Amino acid sequence: MDVRLSRVRQGTLSFYLGGRLGADDRLLAASLSGSIVLRGEAAWRHAGELRSRGWEGELLIDPAAYELEHSLAGTPTLFGSDPWLDNQRAAQVAEYVSPGVYVPARDRNALVRGIESQTRWLEQAGSGRLSLAVHWRWLTVDLPAFTSELLGAGLPITLALADPNDPLGHAGAVKGLVKVLNEVPDVALFRADVGALGAIAHGA
């Protein structure tokens, strides 16, 4: 049996809670914000701890896909269920997030394939956000193609920006992010540090 999901409110700023926090720190951070994002495959357990301690806020789970292929993605159990979907249900997420795929720079075919694979997962789930981790160059030299493909997907999007240091520190990256967030109707940005405030200051 599926659950009726809400939609994350537009303009929501969520606390992103990494896996190194202790249970008490996670509860404190969650209590200070009505909306949090938990990370990776252990997130459903952390969500269970928060729910069991009475926290009822808005929650999403970041698959953290660009570091390694998600071990739960597309791996059905003996009963035919999808563990990544089951874990999000157990965590009582506000919206499902697809398992995610990393898209390297300047490879539009990989971008198209990634969108197609994540769309298929969402069709099976029934709803949710299409998750992409992308090289920062998609916000600069490859921006027109990137925006076009995101618009063509016609789905809520979750983006993570990949770079060894600061993806928004490159020339034109903040401007590109502003363009994406202003032109694509529903985009959530995961794992953004204070660098993303530059995009907010410029109209995102």
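None of these values were measured; they are calculated from a predicted model.

Student: Would you mind showing me how to read helix 2 (residues 43–52) here?
Tutor: Because an α-helix completes one turn every 3.6 residues, residues spaced three or four positions apart along the sequence face the same direction. Among all positions of helix 2, only A43, H46, A47, L50 and R51 are buried. All buried residues of helix 2 lie within an arc of 140 degrees about the axis, which places them on one face of the element. Packing partners of the buried residues in helix 2 comprise helix 1 (23–32), strand 2 (35–39), strand 3 (58–62) and helix 3 (83–91).

Student: Explain the environment of H135 here, please?
Tutor: By the secondary structure assignment, H135 is in strand 5 (residues 130–135). Each C-alpha atom of the pair H135 and V103 lies 6.5 Å from the other, and the pair is 32 residues apart in sequence.

Student: Explain the pairing of strand 5 here, please?
Tutor: Sheet faces and side chains relate simply in a regular strand, where the side chains alternate between the two faces. Of all the six residues making up strand 5, six are buried; the element is thus mostly covered by neighbouring parts of the structure. Residues of strand 5 alternate between two faces, with L130, L132 and V134 on one and S131, A133 and H135 on the opposite face, all of them buried. Pairing between strand 4 (residues 101–103) and strand 5: three bridges, direction parallel. In the sheet register, V103 faces strand 5, and the bridge partner there is V134. In this fold, the crossover linking strand 4 to strand 5 by way of helix 4 (residues 108–125) has right-handed handedness. Relative to strand 6 (residues 157–162), strand 5 runs parallel, the two sharing six bridges. Looking across to strand 6, one finds that L132 is bridged to L159. Tracing the backbone out of strand 5, into helix 5 (residues 143–153) and back to the parallel element strand 6 gives a crossover that is right-handed.

Student: I keep staring at the sheet that holds strand 3 and nothing clicks. Help me out?
Tutor: Strand pairing in a sheet is mediated by backbone hydrogen bonds. Such pairs are either parallel or antiparallel. Pairing is parallel in the open sheet, where three strands are placed in the order 1-2-3. What marks the edges here is a single partner per strand, and that holds for strand 1 (15–17) and strand 3. Adjacent strand axes in the sheet meet at a mean angle of 25 degrees, parallel and antiparallel pairs treated alike. Pairing analysis gives three bridges linking strand 1 to strand 2, with the strands arranged parallel.

Student: Sorry, what's going on with the packing of helix 4 against helix 5 here?
Tutor: Each pair of packed helices can be described by the angle between their axes along with the distance between the axes. One can describe the packing of helix 4 onto helix 5 by two numbers: an axis separation of 11 Å at closest approach and a directional angle of 20 degrees. It follows from the interaxial angle that helix 4 and helix 5 lie roughly parallel. The hand of the helix 4/helix 5 crossing is right-handed. Here R108, L111, V112 and I115 of helix 4 come into contact with helix 5, specifically with A145, F146, S148, E149 and A153. Within the contact of helix 4 with helix 5, the residues separate by chemical class into six nonpolar, one polar and two charged.

Student: Would you take a moment to explain the packing of aromatic side chains for this structure?
Tutor: In this description, a pair of aromatic rings is defined by centroid distance and the angle of the planes. What the rule picks out here adds up to one aromatic pair. Ring geometry for W138 against F146: centres 5.8 Å apart, planes inclined by 35 degrees, an arrangement best described as tilted. Note on W138: relative accessible area 1%, which makes it buried.

Student: Help me understand the side chain of R26, please; the structure alone is not making it clear to me.
Tutor: Mapped onto the secondary structure, R26 falls in helix 1. A polar atom in the side chain of R26 sits 2.5 Å from the backbone oxygen of L21. Engagement of the side chain of R26 in a polar contact is seen with the side chain of E49, the distance being 2.9 Å. Once residues within four sequence positions are removed from consideration, R26 is found in contact with L17, G19, L21, L38, H46, E49 and L50.

Student: Quick question: what am I supposed to make of the pattern of salt bridges here?
Tutor: Where charged atoms from two side chains of opposite charge come close, those side chains can pair. Taken as a whole, this structure holds nine salt bridges when the rule is applied. Linking R129 and E95 is a salt bridge whose minimum nitrogen-to-oxygen distance equals 3.0 Å. Of the two residues, R129 sits in the loop between helix 4 and strand 5 while E95 sits in the loop between helix 3 and strand 4, which places them 34 residues apart along the sequence. Just as R129 is buried, E95 falls in that class too. In this structure, R108 engages E149 in a salt bridge whose closest nitrogen and oxygen atoms are separated by 2.8 Å. Of this pair, R108 sits in helix 4 while E149 sits in helix 5, and the two are 41 residues apart along the sequence.

Cut-offs used in this document
- Residues numbered from 1 in each chain as written.
- Predicted model: local features only at pLDDT ≥ 70, side-chain atom pairs only at ≥ 80, totals over all residues.
- Heavy atoms only, no water.
- Buried < 20%, exposed > 50% of the residue type's maximum accessible area, 1.4 Å probe, protein only.
- Helix = DSSP H or I, 4+ residues; strand = E, 2+ residues; numbered from the N terminus.
- Arc of directions from axis to C-beta.
- Contact = heavy atoms within 4.5 Å.
- Pairing = 2+ DSSP bridges.
- Right-handed = clockwise from strand over helix to strand, strands pointing away.
- Axes fitted to C-alpha atoms, helices over the stretch in contact; angles between N-to-C directions.
- Parallel < 35°, antiparallel > 145°, perpendicular 65-115°, else oblique.
- Left-handed = near helix turned anticlockwise from the far one by under 90°.
- Nonpolar A, V, L, I, M, F, W, Y, C, P; charged D, E, K, R; others polar.
- Phe/Tyr/Trp six-rings, centres within 6.5 Å; stacked < 30°, edge-to-face > 60°.
- Polar contact = N/O pair within 3.5 Å; in protein donor to acceptor, adjacent residues only side chain to side chain.
- Salt bridge = Lys/Arg side-chain N within 4 Å of Asp/Glu carboxyl O.

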